[in-house]
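Analysis of the macromolecular model
Given next are the chains, with one letter for each unit.
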Amino acid sequence: MMLIPGPVNVPISVSFEATRVVNHRSDEFRRIVASLESSLIRLFSADRVAIMTGSGTLAVEGMVFSMTRRGEKVITIPYGEFGERLEESLKRRGVEVFSYKKSPGSTPSLGEIEEFMDKHKDADTVALVHNETSTGVALRNLREVAKLVKGSGKKFLVDSVSGFAAYELYVNEWGIDAVATGSQKALASVPGLGFVALSKEALNELKGNDIPHYVDLALHLKFQDKKETPFTPAVGVFYASYRAAQLMEMEGKERRWARHEASARYLRDIFKKLGMESLGDESNFSNTVVASTPPLPVSYMITELKKRGVEISRGIGELRDKVIRAGILGVVDDRALSRLVFAMQDVLKKDVYYPPPQETSLPETLKTEVIWD
């Protein structure tokens with residue numbers, strides 16, 4: 001059983017759809033391109049969604065390169081590994097970056113964001129990470145952050161690679177310009193596609209003249225207008241991701257958001273009972289990853305859990321040998337949580353188990369789609 005921050009276990013029908021190989025210029029594939037974007041537009045509540053063959057990082061770089069211009073002034077606030085990668089992408093774009101780094105496990109408060117924006121009133125854009133899988137924390141108040149940023153007249157770009165489908169998120173209603181994510185996270189599809197959701201205002205901001213074709217969102221959307229892709233796509237991943245989007249709509253996005261939060265709360269409480277301290281607190285804990293300091297060496301914990309059929313991740317960067325990370329993205333449910341807890345108890349020789357709450361379970365129509373072996 002794989003419980004890492006991505007890729008994730010996928011439903012049986014999603015796995016099957018990933019095996020499809022068809023002519024990417026056929027009417028059959030055009031139907032999938034159109035259907036996938038339509039479904040994603042509903043899930044993001046956006047005007048358009050650019051679909052790119054590549055990882056979540058490609059989506060982030062497509063957003064950065066297409067939504068900013070060289071010399072533009074951009075504020076970013078890294079609070080983990082992926083925030084630092086976002087900052088690096090901005091620098092590679094050639095923008096002038098104003099960065100305010102937070103320590104691992106912490107996130108910027110609204111007051112800090114406002115204060116930093118006040119210091120750089122001439123900045124054009126704010127770019128932030130929504131959810132940090134490296135530290136198990138997140139901007140749980142993204143709606144308020146968006147209101148603050150847009151109220152200042154700046155563009156707002158969001159890396160929600162590990163956040164989309166696990167938190168309440170409305171692109172248009174909240175005034176967010178662009179949100180980037182990947183297929184292999186909380187959507188519960190296979191790896192291979194990046195998505196960038198765009199508001200109507202953002203569509204007028206796309207900068208495509210001086211950037212590589214592959215990260216040009218305007219080019220991708222131009223082809224999607226014809227229900228096609230500009231380059232040979234990962235056709236099987238289109239089918240898989242459309243099926244995953246269908247399943248999310250069947251579950252209901254609000255229910256999926258609630259399932260992720262309930263799962264995170266449950267696991268954080270269990271880990272505390274096992275003597276583990278998790279990064280983050282009530283104001284900023286992640287819905288998709290629980291990062292905790294184990295009472296035994298990280299390498300030993302990971303090895304022993306794998307012997308029991310459960311795969312989790314170690315920390316990355318400066319936290320590599322300090323924390324373990326349990327990923328609970330996608331279709332992780334009460335059955336998976338229970339199995340993880342039983343394995344943890346066995347390794348740590350402690351008995352703290354209590355059943356996960358009902359909110360962590362999948363709807364009956366989806367339970368048969370997900371096998372935890």
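Residues numbered from 1 in each chain as written. Predicted model: local features only at pLDDT ≥ 70, side-chain atom pairs only at ≥ 80, totals over all residues. Heavy atoms only, no water.

1. Description of the sheet that holds strand β11 (residues 289-293)
Operational definition: In short, DSSP must find at least two bridges between two strands for them to pair. Only DSSP runs of H or I covering at least 4 residues are called helices, and only runs of E covering at least 2 are called strands; the numbering of each starts at the N terminus. Any two residues whose heavy atoms approach within 4.5 Å are treated as being in contact. Axis angles are defined between N-to-C directions and span 0 to 180 degrees, where every axis is a line fitted to C-alpha atoms and, for a helix, only to the segment in contact.
Sheet architecture is open: 4 strands sit in the order β10-β11-β13-β12, paired in antiparallel fashion. On the outer flanks of this sheet lie β10 (277-278) and β12 (313-314), each paired with one strand and no other. Two elements, β12 and strand β13 (residues 324-327), share 2 bridges in a ladder whose sense is antiparallel. If you follow Ser313 over to β13, its bridge partner there is Arg325. Of the strands in this sheet, β10, β11 and β13 touch helix α11 (residues 253-273), which is tilted by about 10° from β11.

2. A word on the domain arrangement of the protein
Under the convention used in this document: Residue ranges for the domains originate in an automatic or database domain assignment. Using a 1.4 Å probe, buried area is obtained as the accessible area two parts lose upon being combined, added over both of them. Salt bridge, as used here: a side-chain nitrogen of Lys or Arg that lies within 4 Å of a carboxyl oxygen of Asp or Glu.
For the protein, the domain assignment lists domain 1 (12-251) and domain 2 (253-368). For domain 1 versus domain 2, the distance between C-alpha centres works out to 26 Å. Across the contact, 32 residues belong to domain 1 and 33 residues belong to domain 2. Roughly 2600 Å² of surface becomes buried between domain 1 and domain 2 when both sides are summed, with 55% attributable to carbon and sulfur atoms. Applying the counting rule to domain 1 against domain 2 returns 3 salt bridges. Contributing elements (two or more residues each) for the side of domain 1 that touches domain 2: α2 (27-44), α4 (81-93), β6 (137-138) and α10 (235-251).

3. Here's the deal with the layout of surface pockets
We count it as follows: Two kinds of site are reported from a 1 Å grid over the protein atoms alone, namely cavities, where a 1.4 Å probe fits but cannot get out, and pockets, open sets with protein on both sides within 12 Å along at least five of seven lines, and residues are called lining when an atom falls within 4 Å of a point. Grid points are joined across faces, edges and corners, and a volume is the space filled by probe spheres set on the points. Ten residues, namely Ala, Val, Leu, Ile, Met, Phe, Trp, Tyr, Cys and Pro, are considered nonpolar, four, namely Asp, Glu, Lys and Arg, are considered charged, and the remaining ones, Gly among them, are considered polar.
Estimates place the volume of the largest pocket at around 360 Å³. Of all the secondary-structure elements, those providing two or more residues to the lining of the largest pocket are α3 (56-67) and α4. By volume, the second largest pocket is sized at about 230 Å³. Taken together, 15 residues form the lining of the second largest pocket, with Arg140, Tyr167, Glu168, Trp174 and Glu261 sitting closest to its centre. Of all elements in the fold, only α6 (142-151) and α11 reach the threshold of two or more residues within the lining of the second largest pocket. The class makeup of the residues in the lining of the second largest pocket is 7 nonpolar, 3 polar and 5 charged. When residues of the lining of the second largest pocket are assigned to domains, at least three map to each of domain 1 (12-251) and domain 2 (253-368).

4. Some words on the sheet that holds strand β2 (residues 73-76)
An order of β1-β9-β8-β7-β4-β2-β3 is seen for the 7 strands of this open sheet, with the pairing classed as mixed. Two strands lie at the open edges of the sheet, namely β1 (48-53) and β3 (96-99), each paired on one side alone. Shown here is a sheet whose adjacent strand axes are inclined to one another by a mean of 20°, direction ignored. Here β2 runs beside strand β4 (residues 125-129); their pairing, made up of 3 bridges, is parallel. Bridge pairing in β4 places Thr76 opposite Ala127. Lying on the sheet, helix α5 (residues 110-119) is in contact with β2, β3 and β4; it crosses β2 at an angle near 160°.

5. Some words on the nonpolar core
This is how the line gets drawn: Here, nonpolar core refers to any group of buried Ala, Val, Leu, Ile, Met, Phe, Trp, Tyr and Cys residues whose side-chain atoms link them within 4.5 Å. Here the term buried applies to any residue with accessible area under 20% of the maximum for its type, exposed to any over 50%, and partly exposed to those in between, with areas from a 1.4 Å probe on protein chains only.
Counting 125 residues, the largest nonpolar core has Phe44, Phe156 and Val196 as its most contacted members. In terms of residue count, α10 provides more of this core than any other element does, 10 residues in total. For this core, the domains that each give at least three residues are domain 1 (12-251) and domain 2 (253-368). Not counting the four nearest positions on each side in its chain, Val196 is found in contact with Arg48, Val49, Ala50, Met52, Ala59, Met63, Ala178, Val179, Ala180 and Leu217.

6. Let's talk about the pairing of β1
Most of β1 is tucked away, with 5 of its 6 residues classed as buried. Bridge count for β1 against strand β9 (residues 193-198) is 6 bridges, and the pairing is antiparallel. When the bridges of β9 are listed, Val49 appears paired with Ala197.

7. Concerning α5
Where we set the bar: Arc definition: it is the arc formed by the directions from the helix axis to the C-beta atoms.
Along α5, the positions that sit buried rather than exposed are Ile113, Phe116 and Met117. Relative to the axis of α5, the buried residues are bounded by an arc of 100° and lie together on one face. Tucked inside the fold, the buried residues of α5 contact β2, β3, β4 and α6.

8. Things to note about the UniProt feature "domain: Aminotransferase class V" (unreviewed entry) in the protein
What counts is decided by this rule: UniProt positions are given in the numbering used here, feature names are shortened, and annotations may be inferred rather than shown by experiment.
Per the UniProt record, "domain: Aminotransferase class V" (unreviewed entry) is found at residues 18-315. Along residues 18-315 the backbone is 43% helical and 16% strand, and the end-to-end C-alpha distance reaches 30 Å.

9. Here's the deal with the pairing of β13
Alternating positions in β13 separate into two faces, Ile324 and Ala326 on one and Arg325 and Gly327 on the other, with burial throughout. With 4 bridges joining them, β11 and β13 adopt antiparallel strand pairing. Each bridged residue has a counterpart across the sheet, and for Ser292 the counterpart in β13 is Ile324.

10. Regarding the side chain of Ser241
Considering the arrangement of structural elements, one finds Ser241 in helix α10. Residues in contact with Ser241, not counting those within four places in the same chain, are Leu36, Ser183, Leu187, Ser189, Leu193 and Phe195.

11. Digging into the packing of α2 against α10
Using the following cut-off: Any angle that falls under 35 degrees is termed roughly parallel, while one over 145 is termed roughly antiparallel, one within 65 to 115 roughly perpendicular, and all others oblique. For a crossing to be left-handed, the near helix must be turned anticlockwise from the far one by less than a right angle; the clockwise case is right-handed.
Remark: α2 packs on α10, axes separated minimally by 9 Å, with the N-to-C direction vectors making an angle of 40°. One finds that α2 runs oblique with respect to α10. Remark: the crossing between α2 and α10 carries left-handed chirality. Between α2, through Glu28, Phe29, Ile32, Val33, Ser35, Leu36, Ser39, Arg42 and Leu43, and α10, the contact on the second element is made entirely by Val235, Phe238, Tyr239, Ser241, Tyr242, Ala245, Gln246, Met248 and Glu249. The residue inventory of the contact of α2 with α10, partitioned by class, reads 11 nonpolar, 4 polar and 3 charged.

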